[in-house]
Amino acid sequence: MALTEPQKLAPPQHIAIIMDGNGRWAKQRGLPRTAGHAAGAEAFRKIANYCRSLGVKYLTVYAFSTENWKRSADEVAGIMKLLRRYLEEALQDMEKNRVCFRFFGDLTRLSPELQELCAQAESASMDYDVQVNFCLNYGGRDEIVRAARALAAEVAEGKRSADEITEDAFSDYLYSAGVPDPELVIRPSGELRISNFLLWQSAYSEFVFMNVLWPDFSPQDLDAAIEEYHRRNRRFGGT
Ligand code: IPE
Ligand code: IPE
Ligand code: MG
């Protein structure tokens, strides 16, 4: 009798990942940090495809934070070059991969070429299975401050009253407007912190911290994180 594959548990509809550990991966191999970022980009391609095959609807990935500008000019330039290359390819393959893109973050600090690629990727209209939210020059605090500023301006202009600033109204002013909160946030690389990622949206997310470095992160690691998510008892403050 043929043995059937064990049934996989349904994935969350929205998974968010802090793609961390590229530098350590490179160091372990005596390679420049940029080689780690290149390997990280490969891991992202693989995991995005795998998420699509699992039926995940939203994948939000932290690619560059508002704090990452502190790194050397060489490293920042290397990361930007990889992003450009990735987006050029992704634009060609969007239809085949059935993926659409949104960008969370202040893109105005990126090069005009990169901003143009982001705009093209965001404006492409096609059928898709998975939405990738790319966090670029993204900071959770920055996102919250921008929303507060926009709402304060509306109040000052008399367009809404202060009591009309509700949680829903606030969410509509975040980069993630219209996207459901992630049920699962994964951080590889062994660090046990949030590093300014999705501060508002992760209020009730389940966190899975893993010891693998991002370039080594495999579909099996994602399966393990989803299994761990299913073992959690989500109470949302109830009993
Ligand atoms: C994550 O990997 C990529 C970015 C932050 C751009 P790191 O570059 O932070 O890798 P580690 O943490 O130094 O290993
Ligand atoms: C978080 O990783 C940002 C990204 C993965 C893009 P960092 O490597 O910047 O975070 P810290 O400095 O370890 O907190
Ligand atoms: Mg890091």
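Residues numbered from 1 in each chain as written. Chains lettered and ligands numbered in written order. Predicted model: local features only at pLDDT ≥ 70, side-chain atom pairs only at ≥ 80, totals over all residues. Heavy atoms only, no water.

K.L.:
Which residues make up the pattern of salt bridges, and what values do they have?
P.N.:
Here the idea is simple: oppositely charged side chains can pair when their charged atoms come close. Scanning the model with the defined rule gives 19 salt bridges in all. The partner of E75 in a salt bridge is R71, and the shortest N-O contact between them spans 2.9 Å. Since its relative accessible area comes to 7%, E75 is described here as buried. (Salt bridge = Lys/Arg side-chain N within 4 Å of Asp/Glu carboxyl O. Buried < 20%, exposed > 50% of the residue type's maximum accessible area, 1.4 Å probe, protein only.)

K.L.:
I'd like a description of the site of ligand 1, backed by residues and values.
P.N.:
Near ligand 1 there are 13 residues, and of these D20, G23, R24, R33 and R71 occur at the shortest range. Separating an oxygen atom of ligand 1 from a side-chain N or O atom of D20 is a distance of 2.9 Å. Within the backbone of N22, one N or O atom sits 3.1 Å away from an oxygen atom of ligand 1. Of all the elements, helix α1 (residues 22-28) adds the most residues to the shell around ligand 1, at three residues. (Near = heavy atom within 4 Å. Polar contact = N/O pair within 3.5 Å; in protein donor to acceptor, adjacent residues only side chain to side chain. Helix = DSSP H or I, 4+ residues; strand = E, 2+ residues; numbered from the N terminus.)

K.L.:
Provide a residue-level description of helix α2 (residues 33-54), including the pertinent values.
P.N.:
A rise of 1.5 Å per residue sets the reference length of α2, with its 22 residues, at 32 Å; its end C-alpha atoms lie 31 Å apart and thus fit the reference within 8%. Buried residues of α2: G36, H37, A39, G40, A41, A43, F44, I47, A48, Y50 and C51, and no others. Taken together, the buried residues of α2 touch β1 (14-18), α1, β2 (58-65), α3 (73-97), β4 (130-138) and α7 (219-231). The positive-phi residue at the C-terminal boundary of α2 is G55, with phi of around 95°. (Expected span 1.5 Å × (residues − 1). Contact = heavy atoms within 4.5 Å.)

K.L.:
Go over the packing of aromatic side chains, please, and point to the residues and values.
P.N.:
A complete count under the given rule lists 16 aromatic pairs for this structure. Consider the rings of F101 and F103, whose centres lie 6.3 Å apart with planes at 15°: the pair is stacked. Pair check on accessibility: F101 and F103 agree, each one buried. Plain terms: the ring middles of F170 and W200 are 4.7 Å apart, the flat faces sit at 20° to each other, and that makes the pair stacked. Of this pair, F170 sits in helix α6 (residues 167-171) while W200 sits in the loop between β5 (184-187) and β6 (206-209), and the two are 30 residues apart along the sequence. Through a chain of ring-to-ring contacts, the aromatic side chains of F44, Y86, F101, F103 and F134 assemble into a single cluster. Over the ring of W69 we find R109; its NZ or CZ atom is 4.2 Å from the centre of that ring. (Phe/Tyr/Trp six-rings, centres within 6.5 Å; stacked < 30°, edge-to-face > 60°. Lys NZ or Arg CZ within 6 Å of the ring centre and 35° of its normal.)

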